[in-house]
Amino acid sequence: YNANGTLRQIDYYQKKPQQSDLKLYHYDQFVYNGNVIEKINRFDENAINVGATVFTFNDQGKIINMHQHSYGTDTYASVDYGSEAGLPGITIDYLYNNGHAMEYKMKFRGGNKVEDRAISSTGGSEGGTYGYDFNINPYAHMNRLDINLSNLSKNNMISQQKAYSGSIPSGVPYQFDYVYDAEGYPIE
């Protein structure tokens, strides 16, 4: 963290079959304009810049555009805010390097993403509904942004019901278990 409490860097480690311990495989460094994340630079294990995600905000402090450059490919995203069926929502329209596009819609209740649906220009889709506990999701409070805005829910997910069309992932979580400290933060 920086001295003012903002996130400075996240290190990512992985276990490789030829080694017995975890090895750094990339890290993200956060660039701020005041206390607002402006850019996230990504470096590989050799400190070579391999990409970045840039965020643009409106006057109300909400993200309206994102651009991610990673290993020679670009993804652009436009973000809109509204409501549907009385629930606040976010719609993200993605344009990918290969000319394909995707629309991703999220609905929120009580500060948590309770429903989402993604539809690609190639006909594939994915959607889900989600349940949460009442404890603290630390990623939401760290202002840990990404191009999918995946860390917005204020509580921790305990259930999900998913449906897929066009392609099915090779693995999906089937259970979420947490151990919390006395303040409600997960420790496991």
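Residues numbered from 1 in each chain as written. Predicted model: local features only at pLDDT ≥ 70, side-chain atom pairs only at ≥ 80, totals over all residues. Heavy atoms only, no water.

A. Representation of the overall build of the protein within the structure. Helix and strand counts for the protein come out as 1 helix and 11 strands. The order of α-helices and β-strands along the protein, N terminus first, is β-β-β-β-β-β-β-β-β-β-α-β. A globule of 188 residues ought to have a C-alpha radius of gyration of about 16 Å, and the protein, at 18 Å, matches this closely. If you take every contact in the protein between residues at least 6 apart in sequence, the share linking residues at least 24 apart comes to 26%. By element, 50% of the accessible surface of the protein is carried by carbon and sulfur atoms, the whole surface being about 11600 Å². Across the protein, 15 positive and 21 negative side-chain charges occur, with their mean positions spaced 2 Å apart. (Helix = DSSP H or I, 4+ residues; strand = E, 2+ residues; numbered from the N terminus. Rg over C-alpha atoms; globule rule 2.2 N^0.38 Å. Contact = heavy atoms within 4.5 Å. Areas by Shrake-Rupley, 256 points an atom, 1.4 Å probe, with all protein chains shown as cover. Lys, Arg positive; Asp, Glu negative; His and termini not counted. Charge placed at Lys NZ, Arg CZ, Asp CG, Glu CD.)

B. Representation of the sheet that holds strand S7 (residues 87-96) within the structure. Strand order in the open sheet made by the 11 strands is S1-S2-S3-S4-S5-S6-S7-S8-S9-S10-S11, with antiparallel pairing throughout. Here the strands that pair on one side only, and so sit at the sheet edges, are strand S1 (9-15) and strand S11 (157-165). Adjacent strand axes in the sheet meet at a mean angle of 15°, parallel and antiparallel pairs treated alike. Judged from the 6 bridges that link them, strand S5 (residues 63-70) and strand S6 (residues 73-84) form a sheet pairing that is antiparallel. Bridging from a neighbouring strand, Asn65 pairs with Ser78 of S6. (Pairing = 2+ DSSP bridges. Axes fitted to C-alpha atoms, helices over the stretch in contact; angles between N-to-C directions.)

C. Just the pattern of salt bridges, in detail. Tallying each qualifying case throughout the model produces 6 salt bridges. Of the charged contacts in the structure, one is a salt bridge between Lys107 and Glu84, with a shortest N-O distance of 3.5 Å. Taken together, the positions of Lys107 in strand S8 (residues 101-109) and Glu84 in strand S6 put the pair 23 residues apart, joining distant regions of the chain. For Lys113, the salt bridge goes to Asp116, with nearest N and O atoms at 3.4 Å. The pair formed by Lys113 and Asp116 is uniform in burial state, with each residue classed as buried. Here the salt bridges share partners, and the residues they tie into one network are Glu84, Lys107 and Glu115. (Salt bridge = Lys/Arg side-chain N within 4 Å of Asp/Glu carboxyl O. Buried < 20%, exposed > 50% of the residue type's maximum accessible area, 1.4 Å probe, protein only.)

Don't take any of this as a statement about function, it's just geometry.
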